[in-house]
Structure formats: C-alpha cells, structure tokens
Protein chains: 2
Amino acid sequence: MKTKQPAARIELSAIYSELRDRICLLQYAPGTRLREEQIAKEFGISRTPVREVIQKLSFAGLVTSKNGIGTIVTEMDSSKLLEIYTLRSKLATMIGELTPNDCQPEQVAAVEKLLDRARNLKDSLEIRDYWMINHEMHFIISELIGNAPLREMWDHLYFQAARFWYDVTRTDVKDVADSLHREIEDILIALRMNDIAAIGYIERNYITYGLRKIKVHYGECELTHKIRTK
Amino acid sequence: MKTKQPAARIELSAIYSELRDRICLLQYAPGTRLREEQIAKEFGISRTPVREVIQKLSFAGLVTSKNGIGTIVTEMDSSKLLEIYTLRSKLATMIGELTPNDCQPEQVAAVEKLLDRARNLKDSLEIRDYWMINHEMHFIISELIGNAPLREMWDHLYFQAARFWYDVTRTDVKDVADSLHREIEDILIALRMNDIAAIGYIERNYITYGLRKIKVHYGECELTHKIRTK
DNA sequence: AAAATTGATTTTGTATACAGCTTGATTAAA
DNA sequence: TTTAATCAAGCTGTATACAAAATCAATTTT
C-alpha cells in the first residue's frame, strides 16, 4: 500500500497565479533569480510546463529570461511606472463609455464585505490585508468592464504596477488604508445605483491620487532612476 | 565537402512574424489547423521552440491550441470585432495626449513614399499592396506613440483585427484604396507640422469609417454570428 | 603582483521520446 | 440495415537528456 497518494496534478494556471502573486507581493522581489528546476520540483512537474508558465509571466512583464543567466524578476524605472499610471487613469474613464456590464447583487454584497475588511484594516494596518482587499477590489471592477480587450489591458496594467504600488504603501500604511476605505465607500455608492461610469471616474481619481504618492515616494528628481525594492 | 551549408538558425521572432503575417494575410484562414511538426520541419527546428512561438501567437489571440485536436487559427464574432474597433478609436485619441514622440525626418520621408505607393494602388488595385502599405503605415504611427504600454496595446489590437478588416477590403478595393490614399495625405500634413495629436484624431476618424464598412459588410443583423473567412 | 585565460559550474535553450486526449473509421452486435 | 463500441491514427502535452551560454574562481602567464 502506498503511503503517498500521487499528488493530484495542479493546473498550470494555478501555478501561474501563485507565482504572479508571489511577485506582486514582493515575496520574489525585483532582481530575484528564479530557477526553473526549483519551481518544477516544488510543484512536482518537469521543466517543460514550468517554462510555459514562465513565458506567460514574461508576457505579463513580470520576469525576463536570459540564456546562461536565469529568470529574473523585472525591475522598473519610475518613468515607466508613470506611463502605466497615466494610461490607467485614462482607461478608467472608458469603463463607463464602452458598454459596461450591469452589476450583479453578489457584487454589491462582495463590496460590502470588502468595506468591512477595509474598516478593520484601519485598525490592524496589516499590509498584507491591504493588498488582498485591493486585489479583490480590482477583480470586481474588472468584471464590470464590458469591453473584453479593455478588460484584458486593465488587468495587464494592474499586475505590472501592483508590486511597486505595494512598495509605496508600506511607508504610510495608515494613509493608504484610509484612502482605500474611502475608495470602497465611493464605489459602493455608485455600484448600488448601477452607475458603472461613475466607478470608472472614481477609479480615475484614486489612480491619480496614487500617482501623486508614487512621485513623492520615489522623488520627482529621481524620475530616471531605477526603482529597486530592498 | 558538404553540398549543403548547415542553414543559419533563424530567429524565433522572425518565425513569429512570418506566421503572424500569414495569418493576417489570410494565407492561414480562420479555422485552419496548424501542425507543430510541419512548422518545425519547414524552419528546420524541433517542436519545442515552435511551441514557444505558437504560445506567443496564442497570446496575440491569433490561434488556440487544444490537446488532441490541434492548433487552430482563431475565428471571430462580429461583436468582438466591434469591441476592438471601438476601443481602438478611443485609444487613438490618447496618442497625442500621452507624451507622443517627436516625428523624425525619416518618418516624413517614409510616409511620402507610402503616399506614392497608395497613389499607384488606386490604379493597380492590388489587394496585397494595400495590406503592405497599411501595415507599414501602422508601424510608423506606432513609433509616434510615446507611452510604451499604449503602443503595445495599439499593436496588439491592430494584429487582432487586421485580417478581418483585410477580408472586408476585398469586396470594394477601389473604395478602400481611395480611403487609404486620403488617410495618408491627411497624416502627412499633420506629420510635417509634428502635430502628433492630430494624427491620433485622424486615426480615430478612419477607424470609425472602417467600423462602418465592417458593419455593412457583415450586416448589422448578423452581429451575433461568427465571422468565418472562406 | 597583476592581469588574462582557461575551466568548472550553473542556468536557460533545444531535441526527442513518450503519454494523454480526440476524432473518425471499422467492425461487431442488435 | 442501423447502431454502438472498439481500435487506430494523429495531434498536443510532458518528461528528460543534451547543447549552448554566462559567470566565477582558480591557475597560468606576463
């Protein structure tokens, strides 16, 4: 009798999400070297499907692979981060203009729950909670975007910028927790009225607020420098 | 002495561009089944790097792979094409708003050459020439987009929609040839003044004109039907 | 002693054999 | 004759061995 079950094969998309989140949560900081074989070992598969996942991460702009060197978690210069944020603020205003999806009652309920968690966050100031709330909030809004390619881009840009924003939040957790709580309040108001366009404009505003904090954090004068975490 | 040189290894990006263009030019029509082994044989490499290229094509939305079945060139329903065109028209207006690149003298010269070719096209009505002029025009405009992620999206959406637009053009070559000629004239005027914002708005307009032709071609009533070339 | 070069180690890139899945034809049964 | 089931062929997915590239250390040469 075998003592070990042959572990149920994990989906590649699950591995992708796992690695993506590790990168976004700075568990794998920019500059970190990932080893294909080590990842393969961890998930009990061979290098071939791991390379497939890594290629996806590469398309998402989260890693770059170089022969003989390794797979490196990408860094970012602040000018690029600025570009992403500027574009995100513009795309946000399109959410309501391009045939948004009607909001569902479950989504209102989900945001109400997130609002509770954001309220608790203001006391706990747990940075990891902040990120998870922010993360779930993102996907709820993403679901409201009716234009499929716009939604893809919205997600794409979010994951590119998330970890650098996450890095900023660590310097003043109280401030960003308050801001997140207020953002969710605003969104809940709009959501209850099924005014998706309003949500787009709310997002636009908080994105630009965030952009301002990023500029302060990295310093306007360092706009050409590389952003390096740790 | 060997009669055959060991053929210089072709770059993967070149294979990607080649396959992408075959798909966009409808040489590989929607629904066509590609075989990894056959492609590997053609380019003298093994299946492994071919699969990498195919994954790229998959991310570009040009093919989908299914286990046991094959790699199929994607089809498109007209509602999705409509989404892409609507989004493209919106993005076009951002070109000038998001720190565009200054135009270079070479670019003006290149567009002047394209204008000549577009003028000839009005006589020859060679559909393949139409596509090549359109293609090169796209990349010149793409280079003017200063915001890198916006430029990525611009390219991405172009290649997703190109072949279906190409399909539309075949029904009235004279009409689209005239339109392309006028479009390039308009762009040349703006380019000479280094008014990139103007180019964005010109693009917006011609994209919406194209959208109208697409609706006529596929029929407004068939908006939920699949677009199938052949 | 300093610098360059060579070699070992580590990593990604490639080739290839095999496993798993899907389809379609062929054969057997009703 | 029709229907169901089984088998074979062909494709993508996976594992693994090997090739190529880059780095770092040790050694040799100047």
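Analysis parameters
Residues numbered from 1 in each chain as written. Chains lettered and ligands numbered in written order. Predicted model: local features only at pLDDT ≥ 70, side-chain atom pairs only at ≥ 80, totals over all residues. Heavy atoms only, no water. Contact = heavy atoms within 4.5 Å. Salt bridge = Lys/Arg side-chain N within 4 Å of Asp/Glu carboxyl O. Polar contact = N/O pair within 3.5 Å; in protein donor to acceptor, adjacent residues only side chain to side chain. Helix = DSSP H or I, 4+ residues; strand = E, 2+ residues; numbered from the N terminus. Nonpolar A, V, L, I, M, F, W, Y, C, P; charged D, E, K, R; others polar. Least-squares fit on C-alpha atoms with pLDDT ≥ 70 in both. Phe/Tyr/Trp six-rings, centres within 6.5 Å; stacked < 30°, edge-to-face > 60°. Buried < 20%, exposed > 50% of the residue type's maximum accessible area, 1.4 Å probe, protein only. Axes fitted to C-alpha atoms, helices over the stretch in contact; angles between N-to-C directions. Parallel < 35°, antiparallel > 145°, perpendicular 65-115°, else oblique. Left-handed = near helix turned anticlockwise from the far one by under 90°. Pairing = 2+ DSSP bridges. pLDDT = per-residue confidence, 0-100. Core = buried A, V, L, I, M, F, W, Y, C linked by side-chain atoms within 4.5 Å. Near = heavy atom within 4 Å.

Participant: Sorry, what's going on with the interface of chain B and chain A here?
Facilitator: Interface size is commonly expressed as the accessible surface area that is lost when the partners come together. The interface is formed by 23 residues belonging to chain B together with 23 residues belonging to chain A. Counting the contacts that link chain B with chain A gives four salt bridges. Where A:Lys90 meets B:Glu97, a salt bridge forms, and the shortest distance between an N and an O atom there is 2.7 Å. Viewed at the interface, chain A and chain B are joined by eight residue pairs in polar contact (both at pLDDT 80 or more). At the level of elements, helix H3 (47-59), helix H4 (78-94) and helix H7 (148-169) of chain B are the ones that each hand at least two residues to the side of chain B that touches chain A. Here the residues of the side of chain B that touches chain A are counted per class, giving eleven nonpolar, five polar and seven charged.

Participant: Looking at this structure, how should I read the relation of the copies chain B and chain A?
Facilitator: The operation linking the two copies of the chain is a rotation about an axis combined with a translation along the axis. For the pair chain B and chain A, the relating rotation is 180 degrees, the translation along its axis is 0.0 Å, and the fit reaches an RMSD of 0.0 Å. Each copy turns onto its partner about a two-fold axis. Mapped onto chain A, 100% of the interface residues of chain B again fall at the interface, so both copies present the same surface.

Participant: Quick question: what am I supposed to make of the packing of aromatic side chains here?
Facilitator: What describes a pair of aromatic rings is the distance from one ring centre to the other and the angle between the planes of the rings. Residues and elements named next belong to chain B. Summed over the entire model, instances satisfying the criterion amount to nine aromatic pairs over all chains. Look at Phe139 and Phe159: their rings are 5.9 Å apart centre to centre, the planes differ by 50 degrees, and that puts the pair in the tilted class. One end of the pair, Phe139, is in helix H6 (residues 127-144); the other, Phe159, is in helix H7, with 20 residues separating them in the sequence. Between Tyr158 and Phe159, the aromatic rings sit 5.2 Å apart at their centres with planes inclined by 70 degrees, giving edge-to-face as the arrangement. Here Tyr158 and Phe159 have matching classes, each one buried.

Participant: Help me understand the packing of helix H4 (residues 78-94) of chain A against helix H9 (residues 196-218) of chain A in this model?
Facilitator: Residue and element names in this part refer to chain A. It is the contact of H4 with H9, at a shortest axis distance of 7 Å, that shows an interaxial angle of 165 degrees. Taken together, the axis directions place H4 and H9 in an arrangement best described as roughly antiparallel. Both H4 and H9 take part in a crossing whose hand is left-handed. For the pair H4 and H9, contact is made by Leu81, Leu82, Tyr85, Thr86, Arg88, Ser89, Ala92 and Thr93 and by Gly200, Tyr201, Glu203, Arg204, Ile207, Thr208, Gly210, Leu211, Ile214, Lys215 and Tyr218, respectively. Looking at the contact of H4 with H9 residue by residue, the classes come out as nine nonpolar, six polar and four charged.

Participant: Got a minute to help me understand the pairing of strand E2 (residues 63-66) of chain B in this structure?
Facilitator: Remember that side chains alternate between the two faces of the sheet whenever the strand is regular. Residues and elements named next belong to chain B. With four bridges connecting them, E2 and strand E3 (residues 70-73) associate as antiparallel partners. Bridging from a neighbouring strand, Thr64 pairs with Ile72 of E3. In textbook terms, the turn of a hairpin is the stretch between consecutive antiparallel strands, and for E2 and E3 this stretch comprises three residues, one of which, Gly68, has a positive phi near 85 degrees.

Participant: Help me understand the confidence of the model for chain A, please; the structure alone is not making it clear to me.
Facilitator: Keep in mind that low pLDDT regions are not for reading the predicted coordinates in detail. Looking at chain A, pLDDT values average 91 and 91% of them are 70 or higher. Mean pLDDT values for the elements of chain A range from 51 in strand E5 (residues 226-227) of chain A up to 98 in helix H3 (residues 47-59) of chain A.

Participant: Explanation requested: the nonpolar core in the structure shown.
Facilitator: Counting residues in hydrophobic clusters, the biggest one holds 106 residues, and the most contacted among them are A:Leu91, A:Ile184, B:Leu91 and B:Ile184. Here this core gets twelve residues from one element, more than from any other, and that element is H7(B). Once you skip the residues sitting within four places of it in the chain, A:Ile184 turns out to touch A:Val111, A:Leu114, A:Leu115, A:Ala118, A:Ile133 and A:Met137.

Participant: Looking at this structure, I do not really get the pattern of salt bridges. What am I missing?
Facilitator: In total, this model carries 28 salt bridges over all chains according to the counting rule given. Among the salt bridges present, the one from A:Asp167 reaches A:Arg170, with a minimum N-O distance of 2.9 Å. Accessibility expressed as a relative area gives 42% for A:Arg170, which makes it partly exposed. A network of salt bridges, in which partner residues are shared, links A:Glu36, A:Arg47, A:Arg51 and B:Glu52.

Participant: Help me understand the environment of A:Asp77, please; the structure alone is not making it clear to me.
Facilitator: All names here are of chain A. Its location among the elements puts Asp77 in strand E4 (residues 76-77). Asp77 sits 141 residues away from Tyr218 along the chain, and the two C-alpha atoms are 10.0 Å apart. Separated by 2.5 Å, the side chains of Asp77 and Ser79 make a polar contact.

Participant: Got a minute to help me understand the protein's contact with DNA strand C in this structure?
Facilitator: Around DNA strand C sit 21 residues in total, of which A:Leu34, A:Arg35, A:Arg51, B:Ser46 and B:Thr48 are the nearest. Restricting the count to atoms of DNA strand C within 4 Å of the protein gives a sugar and phosphate share of 63%. Residue A:Asn67 places a side-chain N or O atom 3.0 Å away from a base oxygen belonging to DNA strand C. Mapped onto the surface near DNA strand C, the elements with two or more residues apiece are strand E1 (33-34), H3 and strand E3 (70-73) of chain A together with H3 of chain B. No other element matches the three residues that H3(B) contributes to the surface near DNA strand C. Of the residues assigned to the surface near DNA strand C, the class counts are five nonpolar, eight polar and eight charged.

Participant: Got a minute to help me understand the sheet that holds E1(A) in this structure?
Facilitator: Where strands meet in a sheet, backbone hydrogen bonds hold them as pairs that are either parallel or antiparallel. All names here are of chain A. Taken in spatial order, the three strands make up an open sheet running E1-E3-E2, and their pairing is antiparallel. With partners counted over all chains shown, the strands left at the sheet margins are E1 and strand E2 (63-66), one partner each. The pairing of E1 with E3 spans two bridges and is antiparallel. Within E3, the position partnered with Leu34 by the bridge is Thr71.

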